[in-house]
Amino acid sequence: MTVRPRLMLLAAALCASTAWGQSNSREPHIGYIYPAGGQRGATFEIWVGGQFLQGVTDAYVSGKGVHASIIQHYRPLKNIDKEQRDALQRKMKEVRDKRLAEASEKGKGPAGPRNRFVRRRASKPSTNKADTANLPNHPLLRDIDDMSLRELEHLRHELLNIKKRQQNAQIAETVVVKVTIDPGAALGDRELRLLTRAGLTNPMCFQVGAMPETRELESNDPKAYSQRPPDPPVDLPVLLNGQIKPGDVDRFRFRAKAGQRLVIEAYARRLVPYLADAVPGWFQATLALYDAAGNEVAFEDDYRFDPDPVLFYKIPSDGVFELEIRDAIYRGREDFVYRIAVGEQPFITQAFPLGARTGSKAVASVEGWNLARDQVTLRTQPGGDRIRETALRQDKWLSNPVTYAVERLPECDEAEPDDTTQKAQRVDLPRVVNGRIDKPGDVDVFRFDGRGGDEVVAEVLARRLGSPLDSLLQLTDASGRVLAWNDDQEDKASGLLTHHADSYCRFRLPADGTYYVRLADSQRHGGKTYAYRLRIGPPRPDFELRMTPSSISVPAGRAAAICVYAFRKDGFNGDIDVVLKDAPSGFKLSGGQIPSGRDRVRMTLAAPWRGSDEPIVLNLEGRARVGGTTISRPVVPAEDMMQAFLYRHLVPSQELMVVVRGQGRRGPPVELAGSGPIRVPQGGATQVRIRAPKHPMLRNVQLELNDPPDGMSLQDVKVVPEGLAFALKADEKATKVGLSDNLIVEVFTEMPGGQRGGKGAKQKRRVSLGVIPAIPFEVVQR
């Protein structure tokens, strides 16, 4: 047997495959989808841009009713040489001459409107094989023989200018995917992933809509109108798809009738939440609306604190209007993708209250545009998430979501006047108050009786529920002395928020007496939309959990590393046990405990020995003892995303998707010899033994800690009768007694490389064989 097959057998017997987002530096990644959605009942093609997508085999869309299949993968096209450019120009002239001849035969003439836009689907492809072979390999050329004159203009703009654009390797590859959406598919956001030889990609947002859709054709800005007539107006409702390239400005014309109450809603950041290499970290879209005379009649660059703008406009008279979209500072590239819904769809601008008590029958009053009802039902059943969403379903439309909270505590409504301590509203604790800062400069004051030594928490939920309120919270005694105050409290569980504007105070009362909680907007703004929920009462220890990555591809019988994050609430500091919930047989979680005081622990997820034909959706759950009661919380899958070169956010995903590939070779499991956590003395070392199948190649492997806690190191690897042994060392200065965590041990070997060294010998390359199941440890006193 040669060296390479023996090493592969060892890898199968010893350890896990590398998982997406862990030790593989070439994991497949997608950065945009264009268009990022489609209409129910339609079949169409989309482009998925990313990196390391070679060998792509499948596409998966979350939920039911959306079907996707791979058409073709395209390598990056960095430039077009002279031979390719000449061949492309000849081909475009050939197709253009055909379109003009067809239009002439129909008697419409080259200036007629139809021949600029309508494709001819029955065209025969070019017989010039040399020219066809010299064309660049680009998805825009897939159906060049059927292009209209207007589409040829778009092709010229996109391909002949390609060398002027800065290439971004992270989105340079393209996969063309065919998508079919069932007529009855549920409306809303889905997630799309690709499966390649290297694994499963991260998810990206893909929307299922009800409106007819169209895509932009370049050039579609005012400069183009000096070269040709503007594009014909489209009818409403319509959903517009496009991409903003550097310096690009896109315009669309549409017909509207007097009295129409138009909602023009842009989706940009919602499609691509964060950009790692751009400031402020997302595509900052702006919308402007122009009338037939070219006058700007409306403009928006956001919607309250949401970067995606929404424009509301009542049409004064029949006519043709023009909508413009661009980046606020004229940036652009392929992942500056947008979708704009234009029509009289329902849109909720404010709701009250922003939540209800668990198990109650509750509705929220709503106001907005084009609403047939003024209430929405709030689902309050026990066992769900604390923060939930609902929407108004109206004919075939679905409104924007309303975010609300569900609590177990008693509730009451704020009652004006309550803007001074003399007029303060009395509340009995614990209590959730539903209120509004209903005018600029308004202040709401609440009074309660407290006992010395008791802890009191006052927490505002507003920005996290979609309210524009930027709260400012103060706790005072009867004399007016400020005991505690807070403006903004960061909530890392809210991964899509970059301005954490909700307030939080936790304070131990110094004596028996009357106390006051004062709530205002820090910018002195106010209005009906400035709603809030204020919780006042003793601490309610709790936690939320996130895990990364949300896409895992693992060979059968092996394991993958994951990371689970704990966001501890109201002083909770206990152990959290993480378990698989209703998982198919064969999956196993190792190292599934977040020890007291820890907020991040890495674990390993082992797969069954038999592969699966389709992806498997797994659910994890965290359990902890709080006040003598066991509480459980879902582990929400997420993506660890970077914003603007620096900031990191855990952005929730809809589901944890796992692909188990191939068939594993059954054998003795690789596991820690002994039970319980490994105890490592501070400043000393402990021998660790790993049970592994006997194999002569064990002596050729190297072990290395993958992203270990500071001060922990691995030394002196050796082969022992039961498998492998090594020493774990805890540095005396860099570790603390009581540190508990998991260690992820990665296994490497060396394989012959393709290049030769200085004296003709082939260089060896270091290859990762994967990870050993997580090893719990604790640093103890020496």
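Everything below is about the structure printed above this text.
Residues numbered from 1 in each chain as written. Predicted model: local features only at pLDDT ≥ 70, side-chain atom pairs only at ≥ 80, totals over all residues. Heavy atoms only, no water.

## Some thoughts on the sheet that holds strand β19 (residues 347-352)
Rules: If DSSP finds at least two bridges between two strands, the strands pair. Secondary structure elements follow DSSP: runs of H or I of four or more residues count as helices, runs of E of two or more count as strands, with numbering from the N terminus. Axes here mean lines fitted to C-alpha atoms, for a helix over just the part in contact, with angles spanning 0 to 180 degrees between N-to-C directions.
Across the sheet, three strands lie side by side as β19-β21-β22; this open sheet has antiparallel pairing. Bordering the open sheet on either side are β19 and β22 (375-378), each of which pairs with just one other strand. Across the sheet, the mean angle from the axis of one strand to that of its neighbour is 40°, orientation sign disregarded. For strand β21 (residues 362-369) and β22, the ladder comprises four bridges, and the chain directions are antiparallel.

## A look at the pattern of salt bridges
To keep it simple, the criterion reads: By definition here, a salt bridge exists when the distance from a side-chain nitrogen of Lys or Arg to a carboxyl oxygen of Asp or Glu is within 4 Å. Between buried and exposed lies partly exposed: a residue is buried under 20% and exposed over 50% of the maximum accessible area for its type, with that area taken using a 1.4 Å probe on protein chains only.
According to the stated counting rule, one finds 47 salt bridges in the structure shown. The shortest N-O distance in the salt bridge between E45 and R142 comes to 2.9 Å. Taken together, the residues span a long stretch of sequence, with E45 in strand β3 (residues 43-51) and R142 in the loop between α3 (129-134) and α4 (149-159) at a distance of 97 residues. Where R193 meets E191, a salt bridge forms, and the shortest distance between an N and an O atom there is 3.4 Å. One exposure class covers both R193 and E191, and it is buried.

## Section: the side chain of R535
Selection criterion: Nitrogen and oxygen atoms within 3.5 Å of one another constitute a polar contact, given that in protein one can donate a hydrogen and the other can accept it, and given that sequence-neighbouring residues count only through two side-chain atoms. Note on contacts: a residue pair qualifies if any of its non-hydrogen atoms lie within 4.5 Å across the two residues.
Along the chain, R535 falls in strand β36 (residues 531-537). Assessed through its relative accessible area of 7%, R535 is described here as buried. A polar side-chain atom of R535 sits 2.8 Å from a polar atom in the side chain of E459. Reaching out from R535, the side chain makes a polar contact with the side chain of D570 at a distance of 3.0 Å. Ignoring any residue separated from it by four or fewer positions in sequence, one finds R535 in contact with R386, L409, R431, V432, V457, A458, E459, Y504, R540 and D570.

## Describing the pairing of β22
Along β22, the buried face is formed by V376 and L378; none of Q375 and T377, which line the opposite face, is buried. Here β21 hands over to β22 after five residues, with N370 in that stretch at a positive phi of 60°.

## Points about helix α2 (residues 82-105)
Given 3.6 residues per helical turn, the α-helix brings residues three or four places apart onto the same face. Defined as follows: Here the expected length of a helix is defined as 1.5 Å per residue gap, with one fewer gap than residues.
Look at α2: 35 Å from first C-alpha to last across 24 residues, which is about the 34 Å you get at 1.5 Å a residue. Residues of α2 that are buried include every one of Q84, R85, A87, L88, K91, M92, V95, R99, E102 and A103, and no others.

## Points about α4
In terms of burial, α4 is largely enclosed, as eight of its eleven residues are buried. Among the residues of α4, those classed as buried are L149, R150, E151, L152, H154, L155, E158 and L159. Buried-residue contacts for α4 involve α2.

## Quick look at the pairing of strand β54 (residues 723-730)
With respect to burial, β54 is a largely interior element, seven of its eight residues being buried. Where strand β53 (residues 712-720) lies against β54, seven bridges are found, and the strand directions are antiparallel. Note on β54: the bridge partner recorded for S713 is K729. Taken together, β53 and the strand that follows it, β54, pair antiparallel across an intervening segment of two residues.

## Here we look at the sheet that holds β53
One open sheet holds the four strands; their spatial order is β49-β51-β54-β53, and the pairing between them is antiparallel. At either end of the open sheet lies a strand with only one pairing partner, and these are β49 (671-672) and β53. Inspection of the sheet shows strand β51 (residues 685-691) paired to β54 by seven bridges, in the antiparallel sense. Opposite A685, over in β54, you have K729 as the bridge partner.

## Brief notes about the environment of V48
Of note, V48 is situated in strand β3. For V48, a relative accessible area of 0% translates into the label buried. The sequence separation of V48 and P280 amounts to 232 residues, and the corresponding C-alpha distance is 23 Å. Beyond its immediate chain neighbours, meaning those up to four positions away, V48 contacts I30, Y32, I33, L53, E173, T174, V175, V177, L192 and L194.

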